[in-house]
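# Descriptive analysis of the structure
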Amino acid sequence: MAHPSIHDNTYRSSSDCPRGPPSLLWEPSRWGLYLRSLWYRVLLVLAFWFNKRGSPRPLEPRFIKHIYTTISAKRGRISLVFFTPKAYDAPENKGRKYPCFVDFYGGGFTVGRATDDARWATAVCEQSDTIVCCVNYRRAPEYPFPTAVEDGADAVLWIQEHANELRIDKERMGLSGFSAGGNLSLAIPLLLRDVLRERVEVVTPREPPTPSTDVLQVYRPIKMIVAFYPSTDYTVHVEERRKTNVRMDLEIPRHMIKLFNTAYMHPLDKIKLDSPYLSPGVASDELLIDALPDDIMVLTAEYDEFVVEARKFCERIKELGKKPKYKMVEGVKHGYNVSWSPANAYAVAQGAYEEPCKEIKRVFYGSRSSS
């Protein structure tokens, strides 16, 4: 499927973009990248094992669905891990439909897995009375950009198509994500708009829909986004971005950033750094207006290199008529919502998730009863 940011010249390639990251213009063996990524994946699995040992423990997944991808040129299967409110299987709730948040884990598009966000999923289920689907999108370097974005869009479309059997209210769907996952939560609606428009026009050729009618009803299936410390603009020079962190001693290690970016942005001479599916912060006004929901919550960390671009993104979409809620959490660094110590894992998560969960419930339920 031809998407403008990947297959045409609408967006600049890395070789055309003077502000692109020159420090990443090296091409190590992809096999070497995979081995290093595998090592960090194992370490992260162990770290989250300790995180989940903290009491009370997070919910276990209620069920898992395996789906075939349809958007990416690299066809395959991905798993969707569902967490549900405790009353989901109660006899009195047999016919009830729940809102659903589709979540994307962090890890530089390279490490991590869906169950890493179990504590977030638990908080949303319990505090917002909402189903959470954590997506095991395919990771770089095996599957570089744009596979993760395409897998995420496929997950949303599959859930929409199977909403009745899952007992999901497809009119109340949201996206969330952390770091790289936050980037995906902002980029996926942009791809969805383009994919849905293309599919509709293939089936029923007609004049392009107007923003006031078809776009809002057909091309915007997402009603809310919660993005934690997302990256939004890869046209910014790596070193320029790092200088925005007021606590350089708390920055993401350079070797990790280099690994993530080299693994995901491949091949470097073909990647268009200002693609809206990679850098949603520089997407066109029209695309942002058409594709993004009105309700967007962005949370950043004071000591993080992504804080400036995330704030600018919120300022921009507010000017475009959206209703973003932006919050910079003071005195914390990237990944502030996760503690590797079982002793305080629950308390750290609760402190990080209480406010966004209230916002989710407000948007999805309003003054309605959740019963």
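Model, not experiment: these values are computed from the prediction.

## Brief notes about the overall build of the protein
Along the protein, the regular secondary structure elements total 12 helices and eight strands. When contacts within the protein are restricted to residue pairs at least 6 apart in sequence, those whose partners lie at least 24 apart make up 81%. As presented, the protein carries roughly 15,900 Å² of accessible surface, and 54% of it is formed by carbon and sulfur atoms.

## Some points on the nonpolar core
One finds Leu 80, Ile 159 and Tyr 264 to be the most contacted residues of the largest nonpolar core, which totals 94 residues. Among the elements that make up this core, the one with the highest residue count is helix 6 (residues 180-203) (10 residues). Leaving out residues up to four positions away in the same chain, Tyr 264 has contacts with Phe 109, Ala 140, Pro 144, Phe 145, Ala 148, Val 149, Leu 184 and Leu 278. Counting residues in each nonpolar core, the second largest holds 10 residues, with Leu 33, Val 111, Ile 252 and Ile 257 among its members.

## So, the layout of surface pockets
By volume, the largest pocket is sized at about 900 Å³. Along the walls of the largest pocket sit 36 residues, with Gly 107, Phe 260, His 334, Gly 335 and Trp 340 positioned nearest its centre. Of all the secondary structure elements, the ones that give two or more residues to the lining of the largest pocket are helix 2 (30-51), helix 8 (238-242) and helix 9 (254-264). Of all the elements, helix 2 adds the most residues to the lining of the largest pocket, at five residues.

## Thoughts on the side chain of Thr 69
Among the structural elements, Thr 69 can be located in the loop between strand 1 (63-68) and strand 2 (77-83). When near neighbours in sequence (up to four residues on either side) are disregarded, Thr 69 contacts Lys 74, Arg 75, Gly 76, Ile 78, Arg 138, Asp 151 and Asp 154.

## Side note on a nonpolar patch on the surface
Together, Trp 31, Leu 35, Leu 38, Trp 39, Val 42, Leu 43 and Leu 46 make up an exposed nonpolar region whose accessible area comes to about 710 Å². For Leu 43, the position within the fold is in helix 2.

## Let's talk about the sheet that holds strand 4 (residues 131-136)
Pairing between the strands of a sheet comes from backbone hydrogen bonds, and it takes one of two forms, parallel or antiparallel. As summarised here, the arrangement of the eight strands in space is 1-2-4-3-5-6-7-8, forming an open sheet in which the pairing is mixed. For this open sheet the edge positions go to strand 1 and strand 8 (323-333), each flanked by a neighbour on one side alone. Between one strand and the next, the sheet's axes are offset by a mean angle of 20 degrees, whatever the strand orientation. For strand 6 (residues 224-228) and strand 7 (residues 295-303), the ladder comprises five bridges, and the chain directions are parallel. In the sheet register, Ile 225 faces strand 7, and the bridge partner there is Ile 296. The strands that helix 11 (residues 307-319) touches are strand 7 and strand 8; relative to strand 8, the one it contacts most, it runs at about 165 degrees.

## Observations regarding helix 9
In an α-helix, one full turn covers 3.6 residues, which means residues spaced three or four apart are oriented alike. Across the 11 residues that make up helix 9, a large majority, eight, are buried. Every buried residue belonging to helix 9 is among Met 256, Ile 257, Leu 259, Phe 260, Asn 261, Thr 262, Ala 263 and Tyr 264, and all of these are buried.

## Considering the packing of aromatic side chains
Tallying each qualifying case throughout the model produces 19 aromatic pairs. An angle of 40 degrees between the planes, with centres 6.3 Å apart, marks the rings of Phe 63 and Tyr 88 as tilted. With Phe 63 in strand 1 and Tyr 88 in the loop between strand 2 and strand 3 (98-104), this residue pair connects regions lying 25 residues apart in the sequence. Residue class for Tyr 88 comes out buried when judged on its relative accessible area of 6%. Between Phe 178 and Tyr 353 the ring centres are 6.2 Å apart and the planes differ by 70 degrees, which places this aromatic pair in the edge-to-face class. Of this pair, Phe 178 sits in strand 5 (residues 168-178) while Tyr 353 sits in helix 12 (residues 345-365), and the two are 175 residues apart along the sequence. Assigned by exposure class, Phe 178 and Tyr 353 land together as buried. Following the ring pairs from residue to residue traces out a cluster consisting of Trp 120, Phe 178, Phe 228, Tyr 229, Tyr 336 and Tyr 353.

## A short note on empty space enclosed by the protein
Under the definition given, this model contains one cavity of 30 Å³ or more. Size it by volume and the largest cavity reaches roughly 60 Å³. As for the largest cavity, its lining consists of Phe 48, Asn 51, Asp 116, Asp 117, Arg 119, Trp 120, Asn 337, Val 338 and Tyr 353. Counted by class, the lining of the largest cavity contains four nonpolar, two polar and three charged residues.

## A look at unusual backbone geometry
The omega torsion across Ala 140 and Pro 141 is 5 degrees, close enough to zero to call that bond cis. Considering the arrangement of structural elements, one finds Pro 141 in the loop between strand 4 and helix 4 (147-161). Across the junction of Phe 145 and Pro 146, the peptide omega takes the value 10 degrees, indicating a cis bond. We note that Phe 109 has phi near 65 degrees; this positive angle belongs to a residue other than glycine. Inspection of the secondary structure assignment puts Phe 109 in the loop between strand 3 and helix 3 (118-128). In the Ramachandran plot, Ser 179 falls in the positive-phi region, its phi being about 60 degrees despite a non-glycine side chain. Relative to the elements of secondary structure, Ser 179 occurs in the loop between strand 5 and helix 6.

## Side note on the packing of helix 2 against helix 9
Axis separation between helix 2 and helix 9 bottoms out at 11 Å; the angle between their running directions is 125 degrees. As judged from the angle between their axes, helix 2 and helix 9 are oblique. The handedness of the crossing between helix 2 and helix 9 is left-handed. Along the contact surface, helix 2 presents Arg 30, Leu 33, Arg 36, Ser 37 and Tyr 40, while helix 9 presents His 255, Met 256, Leu 259, Thr 262 and Ala 263. Class assignment for the residues of the contact of helix 2 with helix 9 results in five nonpolar, three polar and two charged.

About the criteria used
Counting from 1, residues in each chain are numbered in the order their sequence is written. The model is predicted, so local features are restricted to residues of pLDDT at least 70 and side-chain atom pairs to those at 80 or more, both for listing and for counting; the totals for chains, interfaces and linings are taken over all residues. Side-chain measures here rest on the full set of heavy atoms in the structure, leaving out hydrogens and waters. Helix and strand definitions follow DSSP, with helices as H or I runs of at least four residues and strands as E runs of at least two, each counted in order from the N terminus. Two residues qualify as a contact provided that any one of their heavy atoms is within 4.5 Å of a heavy atom in the partner residue. Working definition of accessibility: Shrake-Rupley area with a 1.4 Å probe, residue cover restricted to the visible protein chains. What makes a nonpolar core is a set of buried Ala, Val, Leu, Ile, Met, Phe, Trp, Tyr and Cys residues whose side-chain atoms join them at distances within 4.5 Å. Using a 1.4 Å probe on the protein chains alone, a residue whose accessible area is under 20% of its type maximum counts as buried, one over 50% counts as exposed, and one in between counts as partly exposed. Put simply, the grid is 1 Å and covers the protein atoms alone, a cavity is a trapped set of points that fit a 1.4 Å probe, a pocket is an open set with protein on both sides within 12 Å along at least five of seven lines, and lining residues have an atom within 4 Å of a point. Grid points are joined across faces, edges and corners, and a volume is the space filled by probe spheres set on the points. Here the term patch refers to residues with relative accessible area over 30% and no salt bridge, with like charges joined within 9 Å and nonpolar side chains (Val, Leu, Ile, Met, Phe, Trp, Tyr) within 5 Å. By salt bridge we mean one thing: a side-chain nitrogen of Lys or Arg within 4 Å of a carboxyl oxygen of Asp or Glu. Only strands joined by at least two bridges in the DSSP assignment are considered to pair. Axes here refer to lines fitted to C-alpha atoms; in helices the fit is confined to the stretch in contact. Angles between the N-to-C directions go from 0 to 180 degrees. Each Phe, Tyr or Trp ring, with Trp reduced to its six-membered ring, pairs with another whose centre is within 6.5 Å; inter-plane angles below 30 degrees give stacked pairs, above 60 give edge-to-face pairs, and intermediate values give tilted ones. Charged means Asp, Glu, Lys or Arg here, nonpolar means Ala, Val, Leu, Ile, Met, Phe, Trp, Tyr, Cys or Pro, and polar covers whatever is left, Gly included. For this classification, under 35 degrees means roughly parallel, over 145 means roughly antiparallel, 65 to 115 means roughly perpendicular, and everything else is oblique. Crossing chirality is assigned from the near helix's rotation relative to the far helix, an anticlockwise turn below a right angle marking it left-handed and a clockwise turn marking it right-handed.

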